[in-house]
Amino acid sequence: MSLPPIFGTARLLDDPELRFAPSGTAVCRVRLAFNSRRKNQETGAWEDADTLFVDGTVFKQEAENVAESLQRGSEVVVYGRLKTEQYTTREGEKRSATKLMIDGIGPSLKFSTAKPVKAARSGGSSDNGQAAGGFGGMDDPWSTSAPAPARSGGGNFDEAPPF
């Protein structure tokens, strides 16, 4: 049985907290608030309804990107899997907490803009055995670091794409 998925729009309650595990793996903790708004039919005003507060965790290169890109108050689109962690307090009481294991997170563009910049890879083991460019040894065709090689068969491929 798999963990229950969650997908939605949330706000960061604090700045992301980036740490590194003893193995060197980046781990970023984000505190999220998912809430729903509804229009009060009597007053016509928008009101906040129920809110779900949850701690989320992101790993590896994405953790570093989140810590560098997002900040407190950012509205984000996030998806992941809910997990219950159990722990014992200092007083010996057993407790549990629901956590979100984040599979993807990024800024919401509903009320803001963003300019994505491809992050430089460190060449660590998180690239699934691919080369640093992420294309199994091929050059990244969308990279802006070097012009694309000239192709035979006519056409000027040195121009910017038409979109």
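Thresholds, definitions, all that
Residues numbered from 1 in each chain as written. Predicted model: local features only at pLDDT ≥ 70, side-chain atom pairs only at ≥ 80, totals over all residues. Heavy atoms only, no water. Helix = DSSP H or I, 4+ residues; strand = E, 2+ residues; numbered from the N terminus. Buried < 20%, exposed > 50% of the residue type's maximum accessible area, 1.4 Å probe, protein only. Contact = heavy atoms within 4.5 Å. Areas by Shrake-Rupley, 256 points an atom, 1.4 Å probe, with all protein chains shown as cover. Salt bridge = Lys/Arg side-chain N within 4 Å of Asp/Glu carboxyl O. Pairing = 2+ DSSP bridges.

## Section: the overall build of the chain
Step number 1: If you tally the helices and strands in the chain, you get one helix and six strands.
Step number 2: Along its sequence from the N terminus, the chain presents helices and strands in the succession β-β-β-β-α-β-β.
Step number 3: Taking all 163 residues of the chain together, 23% fall into the buried category.
Step number 4: Excluding contacts between residues fewer than 6 apart, the proportion of contacts in the chain whose partners are at least 24 apart in sequence is 55%.
Step number 5: Summing over all exposed atoms, the chain offers an accessible surface of approximately 12600 Å²; the carbon and sulfur share of this is 50%.

## Some remarks on the pattern of salt bridges
Step number 1: One pass over the full model with this rule turns up nine salt bridges.
Step number 2: Note that arginine 11 is salt-bridged to glutamate 75, the shortest N-O span being 3.9 Å. Of this pair, arginine 11 sits in strand β1 (residues 5-12) while glutamate 75 is found in strand β5 (residues 75-88), placing the two residues 64 residues apart along the sequence.
Step number 3: The class of arginine 11 is partly exposed, set by a relative accessible area of 39%.
Step number 4: The closest approach of N and O atoms between arginine 81 and aspartate 103, which form a salt bridge, is 2.8 Å. Note that arginine 81 is positioned in strand β5 and aspartate 103 in strand β6 (residues 94-107), a separation of 22 residues in sequence.
Step number 5: Its relative accessible area of 33% is what places arginine 81 among the partly exposed residues.
Step number 6: What makes aspartate 103 partly exposed here is its relative accessible area of 32%.

## A word on unusual backbone geometry
Step number 1: One non-glycine residue, lysine 60, adopts positive backbone phi at about 60°.
Step number 2: Summarising the element assignment, lysine 60 is placed in helix α1 (residues 60-69).

## Considering the pairing of β1
Side-chain positions along a regular strand alternate between the two faces of the sheet.
Step number 1: Side-chain alternation along β1 places Ile6, Gly8, Ala10 and Leu12 on a buried face and Pro5, Phe7, Thr9 and Arg11 on a face that remains uncovered.
Step number 2: In this sheet, β5 lies alongside β1 in antiparallel orientation, the contact comprising seven bridges. By the bridge assignment, isoleucine 6 is partnered in β5 with glycine 80.

## Structural notes on the pairing of β6
Step number 1: Judged from the three bridges that link them, strand β4 (residues 46-59) and β6 form a sheet pairing that is parallel. When the sheet's bridge partners are listed, threonine 57 is paired in β6 with methionine 101.
Step number 2: Strand direction decides the pairing type here: β5 and β6, joined by 13 bridges, are antiparallel. Along β6, the bridge assignment pairs tyrosine 79 with glycine 104.
Step number 3: Between the antiparallel neighbours β5 and β6 lie five residues, among them glycine 92 with a positive phi of about 90°.

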